[in-house]
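Listed here are the chains, written in short residue letters.
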Amino acid sequence: MAEKGQLSREFAEEQSSLWRIAFAPTVWAVHFVACYATAAVACAKFPEAELAHVGVWRVAISAGTLVALALIAWIGWRAWRHWDYLDDHDYSHGRDDNESRHEFLGHAGFLLAVVSFIGVLATWLPAFLIEGCT
Amino acid sequence: MTDTTPDRPQRRPRQEQITPDTAGEKAIGPYPPTEEMLAEPVPEELRRAQENRLREVWKEPQGWRYISAVNNSEVGKWYSLTAFGFMLLAGVLALVMRVQLAVPGAEVLDADRYNQFFTMHGSAMMFLFAVPMFEAISILILPAFLGARDMPFPRLSAYGFWCFVIGGVFVMGSLLFDAAPSSGWFMYPPLSTKQGGIGADIWLLGLSFIEVASIAAAVELIVGVLKCRPPGMRVNLMPLYAWYVLVVGGMILFAFPPLIAGDLLFELERGFDWPFFDPDRGGDPMLWQHLFWIFGHPEVYIIFLPSIAIAAMVVPTAARRPIVGYSWIVLSAVGTGFLSFGLWVHHMFATGLPSISLGFFSAASEAVVIPTGIQLFAFVATLMVGKVRMNLPMLWIAGALAIFTAGGLTGIMVALAPFDWQVHDTYFIVAHLHYTLFGGMVLPVIGGVYYFYPFFTKKKMSDRLGRWSFWLTFTGFNITFLPMHLTGLYGMPRRVYTYPGGLGWEPLNMLSTLGAFVLAAGILVFAWDLLRPKGRQPLTERNPWGGGTLEWSHEVPEEKWGVRSIPHITSRYPLWDQPKLVERMDAGRYYLPDSDEGHRETLVTSVIDARPLQILRVTGPAWITMWAAAFTGGAFIFPTFSMYTPAIVCAAFAIVCVCYWLWTSTALIPARERKDAGLGLSLPTYVAGPQAVGWWGMWITMLGDATAFASLVFGVFFYWTAGSDFPPENALHADWRYVLLACALMLTAWAGMLLGRTRNRKGESGAAPILIGAALAAACGIAALIAAVIEMSPTSHVYPAMMCALVVWCVAHIGGGIIMLAYCAAALIFGRATPTHDAPLWNVSLYWHFMAAMVVTVTLCLAILPRLV
């Protein structure tokens, strides 16, 4: 009975949130805007800067990228736990019960974390490959 | 039929019993319903009586009063036909342009009229057809997918529709007077700010007005998806269409407001010479490009996603099995929704931005391919594992996928900055964008019309005409646009009214022109099939395609009540998986089978699991929405002709109309606090605060409003980064003492609102005077804020102009807040709100939370930040 109570609490409606699946893409968006703003301000305010100076903000962007990737990985890991795929190998979540809904939100969140992870890496590539503003 | 799930023991949902003493605003009674409860028959006599009452309540007004209808089935029909009409007009413009371009040196159109035509072709297709068509079709079919009687705010839909009609006729009508906008659908300054005439003003004000209608529809649709689902339709069981609508609604909230903010700045420049885009006085035309494309690129996905959502409904029906990869498609919709905001600068690759900035946007443009592609693969997978019946709608969808894929491939090419520099502003881009828009919008929507037509009108369209139309459209389209890739690579620029011979462009242009007429023939066959009288044709069967979603439980012949009773859903494809569902819906076995008080009602459920929460009374036919739309129209249209006094009068009347509409029909105190919803479930009839649909409507509206404000603040930072003279040396700043005073007064008003609401809830007296005091404080705050910038001269430089624009925004919003405070005070004084019925107070508090954040930001931008740099 105690276990059942715990189960129903774990999957209760209050424990789920639609917002949560948007967390990873939100990290992507914040990272994207931060990269763009950093580069824009750096190029506009210090156009004649030394290469070393350019190096500073490229390192800053890379550091920010690491933070974003770590955050998304953590969000993805939590979503994977929600999905709990290895428990029942369910990937369609079409049933009418709390568990199915709970695992669906985990699954969608996990997939979005994967896409966001790739998106952050893609955003970082220009900062990695391009050395200056022009 | 279930998705490919390994067999496992089904857990029986636990029934919850809530007793009256713990109830409050909760549901009382058994939920979910058991099989025994559902199996119990409804007495025939009761059923008849209920049907008669429902029919009476949902009856449409007759005769000329018909246009006062607000029911989603009527408004949706008018809305989509109007949008289709604008599409045909914009198509005619395209045909005339193709005639002009058929041979070099033609004189069918002169340069100016050609400019008007291509500007209006793009603007009308985007603003008057593609986006409104999404709203129209969603208003029409979303309630049916959700088994709801209507949308939560029917009058808001009607208001949006009438705004759209007025704005659309105004903008298109300008063509007849040779006064249409002519500087491209993106209205780039300085061309459009320096241009004489009223064309640019018509574009700015007319389309801003329509954007307001779009945001109204977005609010309606988001709240509809989140709060008006049938009991049991958890988020994992929602039809995919609803997921797409949710995502697109959210995108509208973040994409349209930047354009509205841009329009405000633009019109301040054109009307009052505030130099936002004038480089001589510190302005920068690039800001407009940013704001326009922050709107413009997501807009492409706002058009694409709902159309592909139609495909997500047609494909499972054609394949006769559930969609493969439901979670993957949700990923795809949400992921595309986000990533599509990271693409806007790829329209600005040729503007000389730092190459590293271009790199970020190029990267995001490539990344968006992942979610976009995933949904297409999911459709293909569904078709592969299903037993496909190649019906007519599926033919259109298949054609759409082929064309869209081709457009996507050229999209990947132009997302690469070096390639884009080669083809920028050539016919290659024209070919690319038409491939994405025809494949991503026009073809799936026509397929959707064929698919849903039996639901709309209870008649069928012709299969033979449909196939003719498809093949004409499909071949005509490819003959027109495939050669344009080559025309572009040969170097022919866009937006030129004619071209010299001898450059190898002639045969390609002639081919495109011929193809355009084949394409037009295909669209005309469709239009004829759509509109031809079908009086003698037999009615359709109820589920002609064998679909599995709730809209096919519709009644033939038509009943206006939406659904006879709102079912309890346990599957993604209830019509396939829940035997006896339709029979029991018809019998009135499910929820809300009756309307004993003679009110229009629908069910409100919880966001995640769709547990029943409330019986919501929805509004019926009204003229006030039309008056409100007419006066709103006046407020936008008069400034086009620099007639500001009539515009202000119209705005005042629009506000009066909206207040009257709210006062007489929203959050009415019900005669009975609880009602029987059927199946032994008793639900509250009045809900205030975060569970109420009105509160959600406010929250979503304010999210959009906050985005527009954020765009203005973005403008401040943009000028700071882009130029070295923002603020200019020795500039006159806003008087910081007045700014701080204004901030304190407005925050006092916010605190007063919260105090008033809390005191009223506790049943203590004095709430109304507190609210009036708050309104007075806010009014003094407005005076202080104006005093702070009164010395600044906004025409002299962009810095004072930007500061004054922030003040204009803030004053208008606090003004709205004062009206709302007065409304709440009046509601308390006249008994329209009580300690237990205080929904307006909650909604206005929410508005003031946003105001508080806005006031603090304005204070920072006005009084503090400029002194730090």
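Residues numbered from 1 in each chain as written. Chains lettered and ligands numbered in written order. Predicted model: local features only at pLDDT ≥ 70, side-chain atom pairs only at ≥ 80, totals over all residues. Heavy atoms only, no water.

Enquirer: Describe the nonpolar core, listing the residues and the values that go with them.
Expert: Residues and elements named next belong to chain B. Membership of the largest hydrophobic core comes to 324 residues, with the highest contact counts inside it found for Phe276, Phe379 and Ile814. The element that contributes the greatest number of residues to this core is helix α9 (residues 285–319), accounting for 23 residues. Two domains each put at least three residues into this core: domain 1 (40–283 + 541–687) and domain 2 (711–868). Not counting chain neighbours up to four residues away, the residues in contact with Phe276 comprise Leu265, Leu268, Glu269, Gly283, Asp284, Tyr719, Val798, Ala801, Met802 and Ala805. (Core = buried A, V, L, I, M, F, W, Y, C linked by side-chain atoms within 4.5 Å. Buried < 20%, exposed > 50% of the residue type's maximum accessible area, 1.4 Å probe, protein only. Helix = DSSP H or I, 4+ residues; strand = E, 2+ residues; numbered from the N terminus. Domains from an automatic or database assignment. Contact = heavy atoms within 4.5 Å.)

Enquirer: Lay out the interface of chain B and chain A with the relevant residues and their values.
Expert: Taken together, the contact between chain B and chain A spans 54 residues of the former and 54 residues of the latter. By the criterion of area lost to chain A, the three top residues of chain B are Phe338, Ile356 and Phe360 of chain B, representing 15% of everything that side buries. If you look at where chain B meets chain A, you find two salt bridges. Put simply, Asp609 of chain B and Arg101 of chain A hold a salt bridge, and the shortest N to O gap is 2.6 Å. Taken together, chain B and chain A are joined by eight residue pairs in polar contact (both at pLDDT 80 or more). When contributions to the side of chain B that touches chain A are tallied by element, the ones reaching two or more residues are α8 (240–272), α10 (326–339), α11 (355–367), α12 (369–385) and α22 (693–722) of chain B. The residue inventory of the side of chain B that touches chain A, partitioned by class, reads 29 nonpolar, 17 polar and eight charged. (Buried area = accessible area lost by both parts, 1.4 Å probe. Salt bridge = Lys/Arg side-chain N within 4 Å of Asp/Glu carboxyl O. Polar contact = N/O pair within 3.5 Å; in protein donor to acceptor, adjacent residues only side chain to side chain. Nonpolar A, V, L, I, M, F, W, Y, C, P; charged D, E, K, R; others polar.)

Enquirer: Which residues make up the pairing of strand β4 (residues 681–684) of chain B, and what values go with them?
Expert: All names here are of chain B. Because side chains alternate across β4, one face comprises the buried residues Leu681 and Leu683, and the other comprises Ser682 and Pro684, equally buried. Here strand β3 (residues 674–678) runs beside β4; their pairing, made up of four bridges, is antiparallel. Bridge pairing in β4 places Arg674 opposite Pro684. Adjacent in sequence and paired antiparallel, β3 and β4 are bridged by two residues, among which Leu679 carries a positive phi angle near 55°. (Pairing = 2+ DSSP bridges.)

Enquirer: Account for the packing of helix α5 (residues 98–129) of chain A against α11 of chain B, naming residues and giving values.
Expert: Running from N to C, α5 of chain A and α11 of chain B cross one another at 155°; their axes reach a closest spacing of 8 Å. As summarised for this structure, α5 of chain A and α11 of chain B are arranged roughly antiparallel, according to the angle between their axes. Where α5 of chain A crosses over α11 of chain B, the handedness of that crossing is right-handed. Between α5 of chain A and α11 of chain B, the residues in contact are Gly119, Ala122, Thr123, Pro126 and Ala127 of chain A and Ile356, Gly359, Phe360, Ala363 and Ala367 of chain B, respectively. Tallied by class, the residues present in the contact of α5 of chain A with α11 of chain B amount to seven nonpolar, three polar and no charged. (Axes fitted to C-alpha atoms, helices over the stretch in contact; angles between N-to-C directions. Parallel < 35°, antiparallel > 145°, perpendicular 65-115°, else oblique. Left-handed = near helix turned anticlockwise from the far one by under 90°.)

Enquirer: Tell me what's going on with empty space enclosed by the protein, and back it up with residues and numbers.
Expert: Residues and elements named next belong to chain B. Scanning the model with the defined rule gives five cavities of 30 Å³ or more in all. Each pocket or cavity is described by its volume, and for the largest cavity that value is around 310 Å³. Going through the elements one at a time, α3 (72–101), α4 (111–145) and α15 (427–457) are the ones with two or more residues in the lining of the largest cavity. Here the lining of the largest cavity is composed, by residue class, of nine nonpolar, six polar and eight charged. (1 Å grid on protein atoms, 1.4 Å probe; cavity = no way out; pocket = protein on both sides within 12 Å on 5 of 7 lines; lining within 4 Å. Points joined across faces, edges and corners; volume = space filled by probe spheres on them.)

Enquirer: Account for the UniProt feature "transmembrane region" (unreviewed entry) in chain A, naming residues and giving values.
Expert: All names here are of chain A. Summarizing the sequence annotation, UniProt attributes the feature "transmembrane region" (unreviewed entry) to residues 20–44, 56–77 and 104–130 in the numbering used throughout. Helix makes up 100% of residues 56–77 and strand 0%, and the two end C-alpha atoms of the span are 32 Å apart. Its end C-alpha atoms 40 Å apart, residues 104–130 is made of 96% helix and 0% strand. (UniProt positions renumbered as here; feature names shortened; annotations may be inferred.)

Enquirer: Before we move on, could you go through the confidence of the model for chain B and cite the residues and values that matter?
Expert: Scored by pLDDT, chain B has a mean of 93; 97% of the residues are at 70 or more. Summarising per-element confidence for chain B, the mean pLDDT is lowest in helix α6 (residues 191–194) of chain B (89) and highest in helix α17 (residues 506–531) of chain B (98). (pLDDT = per-residue confidence, 0-100.)

Enquirer: So what about the pattern of salt bridges? Which residues, and what values?
Expert: Residue and element names in this part refer to chain B. Evaluation of the coordinates by the stated rule reveals 31 salt bridges over all chains. A salt bridge links Asp201 to Arg270; the shortest N-O distance between them is 3.0 Å. Taken together, the residues Asp201 in helix α7 (residues 199–227) and Arg270 in helix α8 connect sequence positions 69 residues apart. Neither residue differs from the other here; Asp201 and Arg270 are each classed as buried. One salt bridge in this structure joins Glu764 and Arg759, with 3.7 Å as the shortest N-O distance.

Enquirer: I'd like to hear about the environment of Asp529 of chain B, residue by residue, with values.
Expert: Residues and elements named next belong to chain B. For Asp529, the position within the fold is in helix α17. A sequence separation of 66 residues divides Asp529 from Asp463, and the C-alpha atoms of the two residues are 9.5 Å apart. Sequence-distant contacts of Asp529, defined by excluding residues within four places in its chain, comprise Tyr450, Met461, Ser462, Leu465, Gly466 and Lys534.

Enquirer: Quick rundown of unusual backbone geometry? Include the residues and the values.
Expert: Geometrically, the link from Pro189 of chain B to Pro190 of chain B is a cis peptide bond, its omega value of 5° lying close to zero. Mapped onto the fold, Pro190 of chain B is located in the loop between α5 (154–173) and α6. In this structure, the amide linkage connecting Phe726 of chain B to the following residue, Pro727 of chain B, adopts the cis form with an omega of -5°. Tracing the backbone shows Pro727 of chain B in the loop between α22 and α23 (736–761). Phi is positive for His89 of chain A, close to 55°, though the residue is something other than glycine. Position of His89 of chain A relative to the elements: it lies in the loop between α4 (85–88) and α5. When its relative accessible area of 40% is taken as the criterion, His89 of chain A is described as partly exposed.

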